Amino acid sequence: TLMPNQAAWHAQMSDICTRLGMHDAARNALAAAVRLAPATTEHRYTLARLLAAQGHTAEAKAEMEQALLQSPDQGAWHYELGQLYQQLGEESSGLEQYIVAVGYSPDVADHWQALALVQQRCGLPEAARETLERGLMQFGDYAPMHLAIGTLFERQSAHELAAWHYQIATECDAQSAERSA
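Novice: Can you break down the pattern of salt bridges residue by residue, with the values?
Specialist: Applying the stated rule across the entire model yields eight salt bridges. Linking R129 and E133 is a salt bridge whose minimum nitrogen-to-oxygen distance equals 2.8 Å. Note that R129 and E133 are positioned in helix α8 (residues 125-139) at a spacing of four residues, about one turn of the helix. Judged by relative accessible area, which is 18%, R129 ranks as buried.

Spelled out as structure tokens, the structure:
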């Protein structure tokens, strides 16, 4: 019965150590929280993020995979795992994770953007275009997606379409800057 409380204590200590810049102590405290309460996926997820932030990408990937085995419906976690796979040069695995992320969290534009970019890098320009077009239909004029699809059209020598999307991206950025002012 004390184990979950001890795990929570270790997780809190990890947070304090992180704020103090004591990175090894933070990692060790979170690892202890995971050992004490292995069913608490939040500790494992937090450990994965901490490992990633500290540059331990392969370890972070392993922890994130374990967290997702316990909580597979976390779209943001799949997105982050996709990023880890890409950092490790595993583009096709990243692609799979971004597809799952979009499935669980279709309302997050960054997931669509990441999916399209990795589709493009995997040699799937038509799939990337379709993903971006679907994303634009869902999110409206979202500058990063217009830039991405403009780049895609430019690579396909469709310069007029590329220019059109670049223009919309510029207008979106200008409108955003006006709202911020």
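Novice: Can you tell me about the packing of helix α6 (residues 91-104) against helix α7 (residues 109-121), naming the residues and giving the values?
Specialist: Viewed as axis vectors pointing N to C, α6 and α7 meet at an angle of 150°, and their least axial separation amounts to 9 Å. Taken together, α6 and α7 sit at an angle that is classed as roughly antiparallel. Regarding α6 and α7, the two cross each other, and that crossing is left-handed. Between α6 and α7, the contacting residues are E91, L95, Y98, I99, A101 and V102 on the first element and H111, W112, A114, L115, V118, Q119 and R121 on the second. A class-by-class count of the residues in the contact of α6 with α7 yields nine nonpolar, two polar and two charged.

Novice: Explain the packing of helix α3 (residues 41-53) against helix α5 (residues 75-87) to me, using residue names and the numbers behind them.
Specialist: Between α3 and α5, whose axes approach to 12 Å, the crossing angle comes to 30°. By the angle between their axes, α3 is roughly parallel relative to α5. For the pair α3 and α5, the crossing hand works out as left-handed. Facing T41, E42, Y45, R49 and A52 of α3, the residues of α5 in contact are W77, E80 and L84. Taken together, the residues that form the contact of α3 with α5 break down as four nonpolar, one polar and three charged.

Cut-off values and rules
Residues numbered from 1 in each chain as written. Predicted model: local features only at pLDDT ≥ 70, side-chain atom pairs only at ≥ 80, totals over all residues. Heavy atoms only, no water. Salt bridge = Lys/Arg side-chain N within 4 Å of Asp/Glu carboxyl O. Helix = DSSP H or I, 4+ residues; strand = E, 2+ residues; numbered from the N terminus. Buried < 20%, exposed > 50% of the residue type's maximum accessible area, 1.4 Å probe, protein only. Axes fitted to C-alpha atoms, helices over the stretch in contact; angles between N-to-C directions. Parallel < 35°, antiparallel > 145°, perpendicular 65-115°, else oblique. Left-handed = near helix turned anticlockwise from the far one by under 90°. Contact = heavy atoms within 4.5 Å. Nonpolar A, V, L, I, M, F, W, Y, C, P; charged D, E, K, R; others polar.

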